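Chain residues, written in single-letter form:
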Amino acid sequence: MENRNRWKISVETGIFSMGRQRRHEVLEIYDKRNNSWDKEMKIGAVIVLFRIKPTEIHNLVEKFIHQVDMLCFIDNTPYCSIDNTIRGIIDGIPEKAKIKYIPIMENKGIAFAQNTGIGVLTSENCDFAIFSDQDSIPEEDTVSKLLAAYLKLEDRGVNVGVVGTTPYNKISRMPYPVKSKVINANLEVGDIRLMETYSVISSISLIRLKHFGTIGGFDNSLFIDGVDHEWCWRAWHQQKLRSFMAKDAVIYHYFGEGDKSVGNRQVSIASSFRLYYQYRNYLWLIKSGCTPEYWKKKNGIKYLVKLIYYPLFVSPRWSNLKNICRGIIDGITKKHNQEWHNIPIKKG
């Protein structure tokens, strides 16, 4: 895992300069030039919801509906908290035939929700899945840019697993620091600017559905933290599938519960609820043969700092301490049984 070779791609012709053309136009134009991309490729989006406001559904539909062939909303909201107007709102949307709303009726975690969406898209014969949450805001050509990058990389013989976006802070409009270790910060495929990393966050990212048939889905047992990173590491470890970020495919996002000033830096603050999974999952993942050494060391230091910082300086202090201790105990005493749906292998 640690011995990935650095490399550089460059080709004479790129399609990234086409600007804000829709995804199907990008495919059709390139198909005419090269006869190598299939303009009939079908993309579905899996968007995980949790206690979303009905008004926010309209915004998500507006941002995604013209970029994908299908929108699949997977709602993790517990039954007692589901807003019954959401289904009615979706039924009133003109493009409702492209939308599926699946309430799970309990919070089973982001991995379970994403795997549920993968199953739906596979049954609908989609070729690609876009993953997002309700807080990520794409630009109108984000999906086009991800697809262009993915296909151009494949066209150059690159074994692509996932292509992710570059997240910007919703408030400051500044890019977030890259969470993963960077393998190569300056890759080019024509006009497409990329970065290769060990992993990318799932919001917003693009993956060929057929890869889930060979790698497996996301690990349900992790529930939330580390889900996207673990899949990327497993994809590399099993099939040498690589992870990239498209520098010009921008989204606006907010990590955690917001930012807090620590010295001259802005640090994303995790909710008390998330602290349990961060500590438990860290202790589980450091035992995995797929987890890179840099991540073990980096996060080991970070969680030692959090062990002191959160109970002393971040409210609710007592709850933070309890969740950290619970996570440590369960991470040590409970066995990590990896779990994902058996997803049918998609041909092609």
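Computed from a prediction, not measured in an experiment: that's the story for all the values here. (Residues numbered from 1 in each chain as written. Predicted model: local features only at pLDDT ≥ 70, side-chain atom pairs only at ≥ 80, totals over all residues. Heavy atoms only, no water.)

**Quick notes on the pattern of salt bridges**
To be explicit about the condition: Any carboxyl oxygen of Asp or Glu within 4 Å of a side-chain nitrogen of Lys or Arg constitutes a salt bridge here. Helix and strand definitions follow DSSP, with helices as H or I runs of at least four residues and strands as E runs of at least two, each counted in order from the N terminus. Here the term buried applies to any residue with accessible area under 20% of the maximum for its type, exposed to any over 50%, and partly exposed to those in between, with areas from a 1.4 Å probe on protein chains only.
The final tally for this structure, using the stated rule, is nine salt bridges. Arginine 193 is the partner of aspartate 248 in a salt bridge, and the nearest nitrogen-oxygen pair spans 2.8 Å. Taken as a pair, aspartate 248 in strand β10 (residues 242-253) and arginine 193 in strand β8 (residues 192-197) lie far apart in primary sequence, 55 residues in all. Its relative accessible area of 23% is what places aspartate 248 among the partly exposed residues. As a salt-bridge pair, glutamate 230 and arginine 234 come within 2.8 Å of each other at their nearest N and O atoms. With glutamate 230 and arginine 234 both in helix α7 (residues 227-239), this residue pair falls four residues apart, about one helical turn. Arginine 234 sits in the buried class, given a relative accessible area of 2%.

**With respect to the packing of helix α8 (residues 272-285) against helix α9 (residues 293-313)**
Keep this limit in mind: A fitted line through C-alpha atoms represents every axis, and for helices the fit uses only the stretch in contact; the resulting angles, taken between N-to-C directions, go from 0 to 180 degrees. By the definition used in this description, the sense in which the near helix is turned from the far one sets the handedness, with an anticlockwise turn below a right angle giving left-handed and a clockwise turn giving right-handed. Contacts are assigned to residue pairs that have any heavy atoms within 4.5 Å of one another. Amino acids outside the nonpolar list (Ala, Val, Leu, Ile, Met, Phe, Trp, Tyr, Cys, Pro) and the charged list (Asp, Glu, Lys, Arg) are all regarded as polar, and Gly is one of them.
Put simply, α8 and α9 touch, their axes get as near as 11 Å, and they point 145° apart. For α8 against α9, the interelement crossing comes out left-handed. Only Trp295, Lys296, Asn299, Gly300, Tyr303, Lys306, Leu307 and Tyr310 of α9 make contact with α8, whose side of the interface consists of Leu275, Gln278, Tyr279, Tyr282 and Leu285. Partitioning the contact of α8 with α9 into residue classes produces eight nonpolar, three polar and two charged.

**Remarks on a nonpolar patch on the surface**
Put simply, the rule reads: Surface patches are drawn from residues lacking salt bridges whose relative accessible area is over 30%; two like charges belong together within 9 Å, two nonpolar side chains (Val, Leu, Ile, Met, Phe, Trp, Tyr) within 5 Å. To measure how exposed things are, a 1.4 Å probe is used in the Shrake-Rupley method; for residues, cover is taken only from the protein chains shown.
Taken together, the side chains of Leu304, Leu307, Ile308, Leu312 and Phe313 define a hydrophobic patch exposed on the protein surface, amounting to about 510 Å² of accessible area. Relative to the helices and strands, leucine 312 is located in helix α9.

**Notes on the packing of aromatic side chains**
The relative placement of two aromatic rings is captured by the distance of their centres and the angle of their planes. Put simply, the rule is: Only rings of Phe, Tyr and Trp enter the pairing, Trp through its six-membered ring, and a pair is recorded when the two centres are within 6.5 Å. The plane angle decides the type: under 30 degrees is stacked, over 60 is edge-to-face, the rest tilted. A positively charged side chain is recorded as over a ring if its NZ (Lys) or CZ (Arg) lies within 6 Å of the ring centre. The angle to the ring normal must also be within 35 degrees.
As enumerated under the stated definition, the model contains 18 aromatic pairs in all. Their ring planes at 65° and their centres at 5.1 Å tell us that tryptophan 233 and tryptophan 295 sit as a pair that is edge-to-face. With tryptophan 233 in helix α7 and tryptophan 295 in helix α9, the pair connects residues that are 62 residues apart, well separated along the chain. One aromatic cluster is present, built from ring pairs that chain together Trp233, Tyr279, Tyr282, Trp295 and Tyr303. Sitting over the ring of tyrosine 276, arginine 326 keeps its end group 4.3 Å from the ring centre.

**Thoughts on the environment of tyrosine 79**
In this fold, tyrosine 79 is placed in the loop between β2 (70-75) and α3 (85-91). Sequence separation of tyrosine 79 and methionine 105 is 26 residues, and the distance between their C-alpha atoms is 4.4 Å.

**Here's the deal with the packing of α9 against helix α10 (residues 317-333)**
Filter applied, for reference: Working rule for angles: under 35 degrees goes down as roughly parallel, over 145 as roughly antiparallel, 65 to 115 as roughly perpendicular, anything else as oblique.
Between α9 and α10, the shortest axis-to-axis distance is 7 Å and the interhelical angle comes to 150°. Taken together, the axes of α9 and α10 lie roughly antiparallel to each other. Every residue of α10 that contacts α9 at Lys306, Leu307, Tyr310, Pro311, Leu312 and Phe313 is listed here: Arg317, Asn320, Leu321, Ile324 and Ile328. When its residues are assigned to classes, the contact of α9 with α10 shows eight nonpolar, one polar and two charged.

**Some details on unusual backbone geometry**
Here serine 203 and isoleucine 204 are connected by a cis peptide whose omega angle stands at -15°. Inspection of the secondary structure assignment puts isoleucine 204 in the loop between β8 and β9 (205-208). Omega for the bond connecting serine 315 with proline 316 falls within 30 degrees of zero, at -5°, which places this linkage in the cis form. If you trace the backbone, proline 316 turns up in the loop between α9 and α10. Positive phi outside glycine occurs at arginine 51, with the angle close to 50°.

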